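Spelled out from the first residue to the last, the chains are:
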Amino acid sequence: VDRVRAAVGELDDDSSSSDEEIIRHDVCERGRRRFDVKLDPGQWARLANYAAAYANPVFRANDDDDADAALEVTLAGCVVALPGAADQLFHADGMDRFFNVFVPLVDVDATNGPTEFALGSQLDPHAVARAPTLQYDDAARLATPTSLRAGDLLVFDYRVLHRGRGNPSAAPRPVYYAVFAPPGETDLINFPPPPPDAPA
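Residues numbered from 1 in each chain as written. Predicted model: local features only at pLDDT ≥ 70, side-chain atom pairs only at ≥ 80, totals over all residues. Heavy atoms only, no water.

Quick look at the overall build of the protein chain now. In terms of helices and strands, the protein chain carries three helices and eleven strands. Traced from its N-terminal end to its C-terminal end, the protein chain shows the element sequence α-β-β-α-β-β-β-β-α-β-β-β-β-β. Counting across all 200 residues of the protein chain, residues that qualify as buried make up 40%. Within the protein chain, contacts between residues separated by at least 24 positions form 87% of all contacts whose residues are at least 6 apart in sequence. (Helix = DSSP H or I, 4+ residues; strand = E, 2+ residues; numbered from the N terminus. Buried < 20%, exposed > 50% of the residue type's maximum accessible area, 1.4 Å probe, protein only. Contact = heavy atoms within 4.5 Å.)

Structure representation (structure tokens):
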């Protein structure tokens, strides 16, 4: 976690000196002072296995044909909201049959930037078009978990509209995540492909 925080600190310095958003195969800027760092699944296998142990029963219990019983981790990362990070716009992470499992690495509450969700938005075929102005929609059913302790799990469908709230605290707010998908399927949306000469 300290290495991730150090890397994010360097990126924040680079971002502050440029108007261009950082978008790389291993890290993307997800709004002002908010960075998404792709992690080596092998180095974080213990945390991914912990997430899988609790999340897979949820997938099985909510799938009538049991097709999601064999979901596996296809991507892992850590989103770090630095002090002063602004509210994100509402957005979906991607496609059907993919799920996100958040594991906060510090306690998260209203003081350091919880995640806000648009309930039921995964069932709305027009949700993505509505996302940019959703916070002004009085009819939207928005909900924010009141608090999450470090090590808690938060499971949600990839299609659910959500946003990270701002971090007005004096400390970074790191949240590990694991993306679960059917075997052989990969998220091709949230990070660009690595260059040909990138280390494996």
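A few words on the pairing of strand S3 (residues 72–81). A large share of S3 lies buried, amounting to seven of its ten residues. One ladder, built from five bridges, connects strand S2 (residues 34–38) with S3; its direction is antiparallel. Within the sheet, the bridge partner assigned to Arg-34 lies in S3 and is Ala-81. As defined by bridge partners, S3 adjoins strand S11 (residues 173–181) across nine bridges and the pair is classed as antiparallel. Residue pairing for S11: Leu-75 is matched across the bridge by Val-179. (Pairing = 2+ DSSP bridges.)

Within the chain, Arg-33 stands out as a residue other than glycine whose phi angle is a positive 65°. Positive phi outside glycine occurs at Arg-97, with the angle close to 70°. On the secondary structure map, Arg-97 appears in the loop between S3 and strand S4 (99–104). Its relative accessible area of 28% is what places Arg-97 among the partly exposed residues.

Right, let's get into the nonpolar core. Judged by nonpolar contacts, the single largest core of 25 residues is most densely connected at Val-4, Val-8, Leu-39, Phe-59, Val-101, Tyr-176 and Phe-180. Elements with a minimum of two residues in this core: helix H1 (2–16), S2, helix H2 (45–61), S3, S4 and S11. Here this core gets six residues from one element, more than from any other, and that element is H2. Counting 17 residues, the second largest nonpolar core, distinct from the first, contains Phe-117, Leu-148, Leu-154 and Tyr-158. (Core = buried A, V, L, I, M, F, W, Y, C linked by side-chain atoms within 4.5 Å.)

Okay, the sheet that holds strand S6 (residues 115–118) next. Read from one edge of the open sheet, three strands run S7-S6-S10, paired in antiparallel fashion. One side of each edge strand has no neighbouring strand; the edge strands of this open sheet are strand S7 (142–143) and strand S10 (162–164).

This paragraph deals with the pattern of salt bridges. Summed over all chains, the structure comprises nine salt bridges. Its salt-bridge partner being Arg-165, residue Asp-87 comes within 3.1 Å of it at the nearest N-O pair. You can see Asp-87 sitting in the loop between S3 and S4 and its partner Arg-165 sitting in the loop between S10 and S11, a full 78 residues away along the chain. Asp-87 gets classed as partly exposed once you look at its relative accessible area, which sits at 39%. According to the relative accessible area criterion, Arg-165 is partly exposed, its value standing at 27%. A salt bridge links Arg-159 to Asp-96; the nearest nitrogen and oxygen atoms lie 3.5 Å apart. (Salt bridge = Lys/Arg side-chain N within 4 Å of Asp/Glu carboxyl O.)

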